[in-house]
Amino acid sequence: MKTLRVATHHREEMIDVTDAVSEAVAEAGAAEAICLVYSPHTTCGVTVNEGWDPAVQADALQMVRELVPRDRPFTHSEGNSDAHVKAMLVGAGAALPVAGGELRLGRWQAVFLCEFDGPRQRELWITVR
Amino acid sequence: MKTLRVATHHREEMIDVTDAVSEAVAEAGAAEAICLVYSPHTTCGVTVNEGWDPAVQADALQMVRELVPRDRPFTHSEGNSDAHVKAMLVGAGAALPVAGGELRLGRWQAVFLCEFDGPRQRELWITVR
Amino acid sequence: MKTLRVATHHREEMIDVTDAVSEAVAEAGAAEAICLVYSPHTTCGVTVNEGWDPAVQADALQMVRELVPRDRPFTHSEGNSDAHVKAMLVGAGAALPVAGGELRLGRWQAVFLCEFDGPRQRELWITVR
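Residues numbered from 1 in each chain as written. Chains lettered and ligands numbered in written order. Predicted model: local features only at pLDDT ≥ 70, side-chain atom pairs only at ≥ 80, totals over all residues. Heavy atoms only, no water.

### Side note on the interface of chain B and chain A
- Between chain B and chain A, the contact holds 31 residues from the first and 24 residues from the second.
- Of the roughly 2400 Å² buried between chain B and chain A on both sides combined, carbon and sulfur atoms contribute 64%.
- Among the residues chain B hides against chain A, the three largest losses belong to B:Glu32, B:Asp59 and B:Met63. Together they make up 23% of the total.
- Here A:Arg72 and B:Glu66 are joined by a salt bridge, their closest N and O atoms 2.4 Å apart.
- One can count eleven residue pairs in polar contact (both at pLDDT 80 or more) joining chain B with chain A.
- Secondary structure elements with two or more residues in the side of chain B that touches chain A: strand 3 (33-38), strand 4 (44-50), helix 2 (54-67), helix 3 (81-90) and strand 5 (93-99) of chain B.
- Residues that form the side of chain B that touches chain A fall into these classes: 18 nonpolar, five polar and eight charged. (Contact = heavy atoms within 4.5 Å. Buried area = accessible area lost by both parts, 1.4 Å probe. Salt bridge = Lys/Arg side-chain N within 4 Å of Asp/Glu carboxyl O. Polar contact = N/O pair within 3.5 Å; in protein donor to acceptor, adjacent residues only side chain to side chain. Helix = DSSP H or I, 4+ residues; strand = E, 2+ residues; numbered from the N terminus. Nonpolar A, V, L, I, M, F, W, Y, C, P; charged D, E, K, R; others polar.)

Shown next, in the form of C-alpha cells:
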C-alpha cells in the first residue's frame, strides 16, 4: 500500500491526482490488476470525472453544494455534517483498471480527491492487486 | 467469500459492521489485498463514514430522505422506489484496503450497512483478494 | 481486461449488461475474485440495482433528473454538465463478487450501464482479479 499526501487549499475542491496514481501503479509492477484509490477521511472522497475542463469540476462542486446545503439544520455539532454527507455520496474510494502494467482511464477521465472540509493535509491510500 | 448476516430494526438505519468485516479480513489471511463488502440487496447499500458520533449517521439518513422523498410519485408499485434510488446513490458495495493482514480504515471511519427498506434480515458478502 | 461495446439509444437510459458481464467472468476462469465493471466515459456510469421491474429504472432516472436538472445554469459550455454530475453520483465503476467461478449477484440485482448523455457508442472495461 502506498500513501499519497495531498494538501488542499479551499473548503471544497477537486484535486487531480492522476499522475501520482499512475506512478504508484507503475511502481507496483502488476500487469493486470485492480487499483484502489482510497480516502481514509470522512469529509473527503475520491471520484473519476472529466479532467480537461476545470468548469466541470466547478459545476460538480456547485451542484453537490446545492444538494447538501451547509446551512441546513444538522444534529452533528461540528459544523461539517454537509461534508460527511457529500463524502458519502461521492464515495470514499474508486476502483480503477490496470492493464499492460498501466493505469487505464478513459481519454477524458482524471482521478480526483474531492475535498469537502478543507483546507487540510490529506492522504490517499493506493492498493494495486 | 464470507457471508455476514445482519438484522435491521428500522425502515432506515446505518448499522456499523466494522468489527465483523475486520474479522473476516483477518480470517482470509491475505497480507495486502482489496476487501469488497457487498450488499446483494436492491434496497440497502454499503458505505464508509464517521463511526464515532451517531449524529453523523442521523444527519446522513435525514439528508438522503430529503433528497429522495418517499412520498413523491413513483412508477414502481411496491412503495419502495425511494429505497432503490437511495441504495443506488450510496452504492451496493465498498472496496477497502487490506495491509499487513488487517483491514485498514481511517481513524474515524467505520463500515456501514445502509438500510433503506427495513426492518429485514440482510446479508453482506465479503471477498478478500 | 475485456471490452464490452454497448450502444445506447436515448439521452438517459439504464441498460442491463448482466449477461455480458457474467460471460466475461466465466471466461476469466477465476474461482474467487473481484470483478470490476468500469466505464471509461465521463457522462455515463455503472450501477447495480433491481433488474426485474423496468419501473425501478425509470424511477431512478427520473429522480436523478430532478436532483440534477439539465436546465440550471452551469459553467461548462458543452450543455452536458448535468451528465457529468450524474455520472459522478452513480460512480464510474462497480466492484462485484466472483465465487465458484461465477459472478455472484443478489436474486433481484442486475448490472447497468447508466447513460446520461446518449445516444452513443459506449465501452465497459471488465477486469477480474
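Having seen it, we continue.
### Here's the deal with the relation of the copies chain B and chain A
- With an RMSD of 0.0 Å, the fit of chain B onto chain A corresponds to turning through 120° and sliding 0.0 Å along the axis. What we have between these two chains is a three-fold relation. Looking at the rotation axis and the C-alpha trace of chain B, the residue lying nearest is B:Leu89, at 3.6 Å.
- When the interface residues of chain B are mapped onto chain A, a mere 13% of them again lie at the interface, so each copy presents a different face. (Least-squares fit on C-alpha atoms with pLDDT ≥ 70 in both.)

### Description of the interface of chain C and chain B
- Facing 31 residues of chain C, the contacting portion of chain B comprises 24 residues.
- Counting each side, the surface lost to burial between chain C and chain B is near 2400 Å², with a carbon and sulfur contribution of 65%.
- Broken down residue by residue, the surface that chain C buries against chain B is led by C:Glu32, C:Asp59 and C:Met63, which jointly contribute 23%.
- Where chain C packs against chain B, one counts one salt bridge.
- Counting residues per element, the ones that place at least two in the side of chain C that touches chain B are strand 3 (33-38), strand 4 (44-50), helix 2 (54-67), helix 3 (81-90) and strand 5 (93-99) of chain C.
- The element best represented in the side of chain C that touches chain B is helix 2 of chain C, accounting for nine residues.
- Grouping the amino acids of the side of chain C that touches chain B by side-chain chemistry returns 18 nonpolar, five polar and eight charged.

### Things to note about the environment of B:Cys114
All names here are of chain B.
- Of note, cysteine 114 is situated in strand 7 (residues 109-115).
- Each C-alpha atom of the pair cysteine 114 and lysine 86 lies 9.2 Å from the other, and the pair is 28 residues apart in sequence.
- Excluding its chain neighbours within four sequence positions, the residues that come into contact with cysteine 114 are Glu13, Met14, Thr43, Cys44, Gly45, Thr47 and Val90.

### Brief notes about the sheet that holds strand 4 of chain B
Residue and element names in this part refer to chain B.
- Strand order in the open sheet formed by three strands is 2-7-4, with antiparallel pairing between adjacent strands. Lying at the two open borders of the sheet, with one neighbouring strand each, are strand 2 (13-16) and strand 4. Taking the axes of each pair of neighbouring strands and ignoring which way they run, one obtains an average angle of 35° across the sheet.
- Here strand 4 runs beside strand 7; their pairing, made up of seven bridges, is antiparallel. Residue pairing for strand 7: valine 48 is matched across the bridge by valine 111. (Pairing = 2+ DSSP bridges. Axes fitted to C-alpha atoms, helices over the stretch in contact; angles between N-to-C directions.)

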